[in-house]
Amino acid sequence: MVLSNYDGRWCMNNLPTEKKDPDELAAMRQDQLELGNERWLEHARQSDRKKRVRGLCCGVVVTLVLIAAASYWGHQKVKENNRRTCLFHIRNMQVAVRSHNSVHGIGAGQPYDMGEVLEFLKIEMPQCPSGGIYRYDNIAPLVGSPVLRCSCPGHKHEDTEGW
Ligand SMILES: [Zn+2]
């Protein structure tokens, strides 16, 4: 076994130790060179296939990540819009109850009927777009206390001072 670099690369060959005809040796080397080239080409083809498959897999993963991100972002946007609509309902009902109670001389801390408020203003009880449940007391709220409380987390005004 000897090391040679006749084809430009170092490799180990089982070259016979006996003296051979130079033409025969050249033919053997040519055969080995062609065999090496075929292997190299096959290796290159397989490597190309692997690269293409790897590239395709990367593309699929990136696409899936983008779809997931877009879906999450869209969901967050809907969630925030619902929260704002809910806060709008809570604020409107605050004004409605205060107006009704003011007209009917009902002061803070005194009993009132939500049904009468809705009928008086010809409105319906709003619905939380996120499916939250509105709770209220039958006692006119004190200044600074919201009339409605939504069961959804985050559906609450930060500041109700002066309400
Ligand atoms: Zn809500």
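The coordinates are above.
Before going into details, it helps to say that this report is about the structure given with it. (Residues numbered from 1 in each chain as written. Predicted model: local features only at pLDDT ≥ 70, side-chain atom pairs only at ≥ 80, totals over all residues.)

Next up on the list: the overall build of the protein. When helices and strands are counted, the protein shows two helices and four strands. Secondary structure elements in the protein, listed N-terminal to C-terminal, are β-β-α-α-β-β. Looking at the protein alone, contacts between residues at least 24 apart form 52% of all its contacts between residues at least 6 apart. (Helix = DSSP H or I, 4+ residues; strand = E, 2+ residues; numbered from the N terminus. Contact = placed C-beta atoms within 7 Å.)

The next thing to look at is the nonpolar core. Taken as a class, soluble globular proteins show a tendency for nonpolar side chains to be buried jointly. Core analysis: the largest hydrophobic core is formed by ten residues, namely C86, I90, M93, V97, V117, C128, Y134, V147, L148 and C150. Residues in contact with I90, not counting those within four places in the same chain, are P146, L148, C150 and H157. (Core = buried A, V, L, I, M, F, W, Y, C linked by C-beta atoms within 7 Å. Buried ≥ 20, exposed ≤ 12 C-beta atoms within 10 Å, placed from the backbone.)

A separate point is helix α1 (residues 22-103). Given 3.6 residues per helical turn, the α-helix brings residues three or four places apart onto the same face. With 82 residues, α1 should reach 122 Å at 1.5 Å per residue; the first-to-last C-alpha distance of 120 Å fits that figure. A small share of α1 lies buried, amounting to seven of its 82 residues. If you check which residues of α1 are buried, you get R83, C86, H89, I90, M93, V97 and H100. One or two steps after α1, the chain reaches G105, where phi turns positive at roughly 65°. (Expected span 1.5 Å × (residues − 1).)

The next subject is the environment of N138. Turning to its location among the elements, N138 is positioned in the loop between β3 (134-135) and β4 (149-150). By the C-beta count within 10 Å, which is 9 here, N138 ends up exposed. Every residue in contact with N138, bar those within four places of it in the chain, is listed here: P111, Y112, D113 and M114.

Another point: the environment of L121. Turning to its location among the elements, L121 is positioned in the loop between α2 (114-120) and β3. Residue classification places L121 among the partly exposed positions, given that 15 C-beta atoms sit within 10 Å. For the pair L121 and H100, spaced 21 residues apart in sequence, the C-alpha to C-alpha distance is 7.8 Å. The residues touching L121, leaving out its near neighbours within four places in the chain, are A96 and H100.

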